[in-house]
Amino acid sequence: MTKDQLRIVFFGTPEFAVESLDALVTKGFNVVGVVTMPDKAAGRGQKLSQSAVKKYALAHGLSVLQPEKLKDEAFVAQLRALAADLFIVIAFRMLPEVVWAMPPLGTFNLHGSLLPRYRGAAPINRAVMNGDTETGVTTFFLKHEIDTGDVISRERIEVGPDEDAGSVHDRLMALGAALTVDTVEHIIAGDLSPIPQDELAADEKPTPAPKIFKEDCKIDWTQPALRIHNHVRGLAPYPAAWSVLKVSETGLETSVKVLKTRRAESAPGLTLSPGELALWSKKAFVGCGDGDVIELVEVQPAGKRPMAAPDFLRGLRLSKENLCHFVV
């Protein structure tokens, strides 16, 4: 079988999936259908918004399916009519067996971690939040339990100590596209040797990467400085870490997103309690639970645009130093 003969249906929704779809189309693979999420109302006008994958598919003349329910008989019939040999899933919903078991060559998924580490919806964020120094992408065949199928291939990257999740996402997106194409080429060649996840190295035990909710993003200033730094960069630029700022003079409390921090084990002359803020040498610092301080680089006050943290503090026009703090 050649890549022109191999019939592929691609499942995906966000920008992360577009890179792989584009790589397949550019390389001349026969994508006979694209499945993505239904259009959603967004913005003040509640206008229907198309997914990134749908926009790409329509621009390249690809057939698009947008089922509300993946077990819907009409949708399943449409899939069967495409007579696909292979399904590829990237950043999509969990597929029912009636779907993933359909193609004769199987269904494989591209996942943003080195499985079995970080099974779940937020592998990139969780890896950075935990301070991991490496991560990667994995292709694996789908089975009943989510993210547990036999591993086809993995590729690794190093993660810098100050790199945020947005940067890691973009690098993994490109790496994943190359791995997706490579996986399809090996499927065509028939030379795969998938490995069950429980046979991988003992130091790669399964770890969860659950979906991130607003409360998960709240900063705990009683934690050590390094852990707070990792928490912030693991959530940047989205959904963003946050904390509640209280101004002692007025009693005003406001939510502030913390977009960027910088590790600063010490700052001469500063002794700050957890959450306490201070300007020193034109920089903003916050006290942490281990007695160290962390530099606050960029913040976004509620209803405003991102700004440099020192500018934000100066804009509060406090009459004295240390009259505001993050609520612990």
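Rules of the game
Residues numbered from 1 in each chain as written. Predicted model: local features only at pLDDT ≥ 70, side-chain atom pairs only at ≥ 80, totals over all residues. Heavy atoms only, no water. Disulfide = S-S within 2.5 Å. Buried < 20%, exposed > 50% of the residue type's maximum accessible area, 1.4 Å probe, protein only. Helix = DSSP H or I, 4+ residues; strand = E, 2+ residues; numbered from the N terminus. Contact = heavy atoms within 4.5 Å. Salt bridge = Lys/Arg side-chain N within 4 Å of Asp/Glu carboxyl O. Pairing = 2+ DSSP bridges. Phe/Tyr/Trp six-rings, centres within 6.5 Å; stacked < 30°, edge-to-face > 60°. Lys NZ or Arg CZ within 6 Å of the ring centre and 35° of its normal. Arc of directions from axis to C-beta. Polar contact = N/O pair within 3.5 Å; in protein donor to acceptor, adjacent residues only side chain to side chain. Expected span 1.5 Å × (residues − 1). Axes fitted to C-alpha atoms, helices over the stretch in contact; angles between N-to-C directions. Left-handed = near helix turned anticlockwise from the far one by under 90°. Nonpolar A, V, L, I, M, F, W, Y, C, P; charged D, E, K, R; others polar.

Caption draft 1: Local environment of the state of the cysteines. According to the stated counting rule, one finds 0 disulfides in the structure shown. C217 takes part in no disulfide bond, and the closest cysteine sulfur, belonging to C288, lies 18 Å away. When its relative accessible area of 3% is taken as the criterion, C217 is described as buried. Of the cysteine sulfurs around C288, a residue in no disulfide, the closest is that of C324, at 15 Å.

Caption draft 2: Layout of the side chain of E163. Inspection of the secondary structure puts E163 in the loop between β9 (151-158) and α6 (165-189). Classification of E163 as buried rests on a relative accessible area of 13%. When neighbours within four sequence positions are excluded, E163 is seen to be in contact with V128, E158, V168, R171 and R233.

Caption draft 3: Spotlight on the pattern of salt bridges. As enumerated under the stated definition, the model contains 7 salt bridges in all. Residues D132 and R117 are paired through a salt bridge, measuring 3.2 Å at the closest nitrogen-oxygen approach. Of this pair, D132 sits in the loop between α5 (123-129) and β8 (134-141) while R117 is found in the loop between β7 (107-111) and α5, placing the two residues 15 residues apart along the sequence. Given the relative accessible area of 15%, D132 is considered buried.

Caption draft 4: Local environment of the sheet that holds β8. One open sheet holds the 7 strands; their spatial order is β5-β2-β1-β6-β7-β8-β9, and the pairing between them is mixed. Across the chains shown, the open sheet's two edge strands, defined by having one partner strand only, are β5 (64-65) and β9. With 5 bridges joining them, strand β1 (residues 7-12) and strand β2 (residues 30-35) adopt parallel strand pairing. By the bridge assignment for β2, I8 is matched with V31.

Caption draft 5: How the structure looks around unusual backbone geometry. The step from L115 to P116 runs through a cis peptide bond, and the omega angle for that step is 15°. Position of P116 among the secondary structure elements: in the loop between β7 and α5. You will see that D147, though not glycine, has its phi angle at about 60°, which is positive. Phi is positive for K282, which is not a glycine, with a value near 65°. When its relative accessible area of 74% is taken as the criterion, K282 is described as exposed.

Caption draft 6: The packing of aromatic side chains, seen in detail. The final tally for this structure, using the stated rule, is 4 aromatic pairs. Here W221 and F326 contribute two aromatic rings whose centre-to-centre distance is 4.9 Å and whose plane-to-plane angle is 10°, an arrangement assigned as stacked. Of this pair, W221 sits in the loop between α6 and α7 (225-234) while F326 is found in strand β16 (residues 324-326), placing the two residues 105 residues apart along the sequence. Per residue, the accessibility class of W221 equals that of F326, and both read buried. Grouping aromatic residues by their ring pairs yields a cluster made of F11, F87 and F92. Across the ring face of F29, the terminal group of K3 is positioned such that the distance to the ring centre comes to 5.5 Å.

Caption draft 7: Inspection of helix α3 (residues 73-81) at higher detail. Residues F75, V76 and L79 constitute the buried set of α3. In an axial view of α3, the angular spread of the buried residues amounts to 100°, which keeps them on one side of the axis. Turned more than 90 degrees off the buried face of α3, the exposed positions are E73, R80 and A81. Each element contacted by the buried residues of α3 is listed here: β1, β2, β5, β6 (86-90) and α4 (97-100). The N-capping residue of α3, defined by a side-chain oxygen 3.1 Å from the backbone nitrogen of A74, is D72. A positive backbone phi angle near 50° is found at A83, which sits one or two residues after α3.

Caption draft 8: View of helix α1 (residues 15-26). Taking 1.5 Å per residue as the helical rise, α1 with its 12 residues ought to reach 16 Å, and the 16 Å between its terminal C-alpha atoms agrees with that figure. Taken together, the buried positions of α1 are occupied by F16, A17, V18, S20, L21, A23 and L24. Directly after α1, the chain includes G28, whose backbone phi takes a positive value near 85°.

Caption draft 9: Seen up close, the packing of α1 against α6. Orientation of α1 relative to α6, taken along the N-to-C sense of each, is 35°, at an axis distance of 8 Å. Seen from above, α1 lies across α6 with right-handed handedness. The segment α1 lies against α6, with E15, F16, E19, S20, A23 and L24 engaging H169, L172, M173, A174, G176, A177, T180, V181 and V184. Here the residues of the contact of α1 with α6 sort into 9 nonpolar, 4 polar and 2 charged.

Caption draft 10: View of the side chain of T36. Topologically, T36 is positioned in the loop between β2 and β3 (40-42). Taking the relative accessible area as the measure of exposure, T36 reaches 0% and is therefore buried. A distance of 2.8 Å separates a polar atom in the side chain of T36 from the backbone oxygen of G12. Within polar-contact distance, the side chain of T36 engages the side chain of S51 at 2.7 Å. Those residues within four positions of T36 in sequence are excluded, and the remaining contacts are G12, T13, S51, V53, K54, V64, L65, Q66, P67 and F92.

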